Amino acid sequence: MRIVNFETRGVPGIAADEGSGWHGLSQSDSGFPGTLPELIAQGSDLLCIGRTLGQSAGIDLKAVRLLPPVPAPPKILCVGLNYEDHLEESGLKKPEYPEIFARFASSLIAHQDPIRRPRESTALDYEAELAVVIGKPGRRIPQEQALDHVAGYSVFNDATVRDFQLRTPQWTMGKNFDGTGSFGPWLVTPDAVPPGARGLRIQGRLNGRVVQDSRTDLLIFSVPVLIATVSVAMSLEKGDVIITGTPGGVGAAHKPPVFMKAGDIFEVEIEKVGVLTNPVQNG
């Protein structure tokens, strides 16, 4: 099932699609169950709510403004260097432990929102990634129980300002420019994909040209491993998001480099999850 977080003229809404089209409610409608982030935070049964929404009126997603599935996650934990081909193009050794760094909610944008290339750089790169949204809290979660903590999956473009990223050993600045973390277009519940979202094709396309093409079973550290590893150090909360890493083909690895510029369109597609599309503009 797909569940989308949206607004119409500033009024929040929620819609679901189990295969028969989008059906949903706005906050002003009777029976509105809450927004998607509210339901995740409450630990609600998203499948049950989605099926109830299926009895509601049809929703035209082209007529509403989509929002990130979770616009203000408690934590956004990103994983670097998690595909072999990205390691090779980066000239780095295979990590024995996941490379974890933080992104902040102030950088997030939704499907169709513009990715903003900052005036301070021309090195704005793309990174197609699978996003995992936590629906059940926990600490020191065993790997074999990790998937019980997943509310669903989505698509992410971890757009990166490369020159700022590489100025220091810490990647925080280059990964957190405003308007660079594209997240959406919706949440897909775990029943709609293989366990851990393994074996799904993931592509990045710049102006229609395929620049990244891989599969999620090639992740060095799988979704269960990442959840178990992160939760050793910190409690995972409902609404936390784990961004699982990008495959090879990033713009910085091309010769010459291929960075995003104003007027470009970048798409990330993950099989069974969705297509996330964003134009690029100067900002």
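For every chain, the first residue of the written sequence is number 1, and numbering continues from 1 onward in sequence order. Selection of residues for local features in this predicted model requires a pLDDT of at least 70, selection of side-chain atom pairs for listing and counting requires 80 or more, and totals for whole chains, interfaces and linings are taken over all residues. Just so you know, side-chain values use all the structure's heavy atoms and leave hydrogens and water out.

Asks: So what exactly am I meant to see when it comes to the overall build of the chain here?
Replies: Put simply, DSSP H or I for four residues or longer makes a helix, DSSP E for two residues or longer makes a strand, and each gets a number counted from the N terminus. Within the chain, the secondary structure is distributed over 5 helices and 18 strands. Only C-alpha atoms enter the radius of gyration; for comparison, a globular chain is expected to reach 2.2 Å times N to the power 0.38, where N is the number of residues. Relative to the 2.2 N^0.38 estimate, which gives 19 Å for 283 residues, the radius of gyration of the chain is 18 Å and therefore close to what a compact globule would have. It only takes one pair of heavy atoms within 4.5 Å for two residues to be counted as in contact. In the chain, the share of contacts with a sequence separation of at least 24, taken over all contacts with a separation of at least 6, comes to 74%. A total of about 12,100 Å² of accessible surface is found on the chain, and carbon and sulfur atoms cover 51% of it. The charge count treats Lys and Arg as positive and Asp and Glu as negative. His and the chain ends do not count. Each charge is placed at NZ for Lys, CZ for Arg, CG for Asp and CD for Glu. Taken together, the 27 basic and 32 acidic charged side chains of the chain have centroids lying 3 Å from each other. In these tables, accessible area is a Shrake-Rupley quantity obtained with a 1.4 Å probe, and a residue counts as shielded only by the protein chains included in the view.

Asks: How do you make sense of the pairing of strand β11 (residues 150-158) when you look at a structure like this?
Replies: For a regular strand, the rule is simple: side chains alternate between the two faces of the sheet. Judged by how many residues are buried, β11 sits mostly within the fold: 9 of 9 residues are covered. When DSSP finds at least two bridges between two strands, those strands are taken to pair. Summarising the sheet, β11 and strand β13 (residues 181-188) pair through 5 bridges and their orientation is antiparallel. Residue pairing across strands places Asn-157 opposite Ser-182, the latter belonging to β13. With a 1.4 Å probe rolled over the protein chains alone, any residue whose accessible area is under 20% of its type maximum counts as buried; one over 50% counts as exposed, and the rest are partly exposed.

Asks: I tried to follow helix α5 (residues 223-233) on my own but got confused; where do I start?
Replies: Summarising burial for α5: 8 of the 11 residues are buried, a large majority. On the buried face of α5, the contacting elements are β5 (76-80), β6 (99-103), β10 (128-134), β11 and β16 (241-243).

Asks: What exactly am I supposed to notice about the pattern of salt bridges here?
Replies: Oppositely charged side chains can form a pair if their charged atoms are brought close together. A side-chain nitrogen of Lys or Arg and a carboxyl oxygen of Asp or Glu constitute a salt bridge if their distance falls within 4 Å. Following the criterion strictly, the structure yields 18 salt bridges and no others. A salt bridge links Asp-217 to Arg-215; the nearest nitrogen and oxygen atoms lie 3.9 Å apart. Residue Lys-261 pairs with Asp-264 through a salt bridge whose shortest N-O separation is 3.2 Å. A relative accessible area of 45% means that Lys-261 is categorised as partly exposed. On the accessibility criterion, Asp-264 (4% relative accessible area) is buried. Overlapping salt bridges, with partners in common, bring together Arg-103, Asp-125, Glu-127, Asp-158, Arg-162 and Lys-175 in one network.

Asks: Before we go on, may I ask you to explain the pairing of strand β15 (residues 209-215) in this structure?
Replies: As defined by bridge partners, strand β14 (residues 201-206) adjoins β15 across 6 bridges and the pair is classed as antiparallel. Counterpart to Arg-201 in the pairing with β15 is Arg-215. Where β14 folds back onto β15 in an antiparallel hairpin, the turn is made up of 2 residues, including Asn-207, whose phi is positive at roughly 55°.

Asks: How should the nonpolar core be read in this particular structure?
Replies: Across soluble globular proteins, nonpolar side chains have a tendency to be buried as a group. What makes a nonpolar core is a set of buried Ala, Val, Leu, Ile, Met, Phe, Trp, Tyr and Cys residues whose side-chain atoms join them at distances within 4.5 Å. If you look at the biggest cluster of nonpolar residues, it comprises 50 residues, and the most contacted ones within it are Val-4, Tyr-153, Ile-227 and Met-260. With sequence-adjacent residues up to four places away left out, Val-4 is seen in contact with Gly-13, Ile-14, Ala-15, Trp-22, Leu-61, Leu-66, Pro-185 and Trp-186. Of all hydrophobic cores here, the second largest spans 25 residues; its members include Ile-49, Ile-76, Phe-101 and Leu-108.

Asks: Just to check I follow, could you spell out the sheet that holds β15 for this structure?
Replies: Hydrogen bonding along the main chain pairs the strands of a sheet, whether they run parallel or antiparallel. The mixed open sheet is built from 5 strands, whose spatial order is β8-β18-β17-β14-β15. This sheet does not close on itself; its edge strands, each paired only once, are β8 (115-117) and β15. Adjacent strand axes in the sheet meet at a mean angle of 20° when their direction is disregarded. Pairing geometry for β14 and strand β17 (residues 265-270), over 5 bridges, is antiparallel. Each bridged residue has a counterpart across the sheet, and for Gln-203 the counterpart in β17 is Glu-269. An axis is simply a line fitted to the C-alpha atoms; with a helix, the fit covers only the stretch in contact. Between two such axes, the angle follows the N-to-C directions and lies from 0 to 180 degrees.

Asks: So what exactly am I meant to see when it comes to the packing of aromatic side chains here?
Replies: Within a pair of aromatic rings, the relevant descriptors are the distance that separates the centres and the angle that separates the planes. For this analysis, a ring pair means two rings from Phe, Tyr or Trp (six-membered ring only for Trp) whose centres lie within 6.5 Å, classed as stacked if their planes differ by under 30 degrees, edge-to-face if by over 60, and tilted for the remaining angles. Taken as a whole and assessed by the stated rule, the structure comprises 5 aromatic pairs. Between Tyr-126 and Phe-266, the ring centres sit 4.6 Å apart and the planes meet at 20°, which makes this aromatic pair stacked. Linking Tyr-126 in the loop between β9 (124-125) and β10 with Phe-266 in strand β17, this pair joins segments that are 140 residues apart in sequence. By the burial criterion, Tyr-126 is buried, and Phe-266 matches it. The residue whose ring lies beneath Arg-2 is Trp-186, and the NZ or CZ to ring-centre distance is 4.5 Å. For a ring to carry a charge above it, either NZ of a lysine or CZ of an arginine must fall within 6 Å of the ring centroid while also lying within 35 degrees of the normal to the ring plane. Above the ring of Phe-164, the side-chain terminus of Arg-167 is found at 4.0 Å from the ring centroid.

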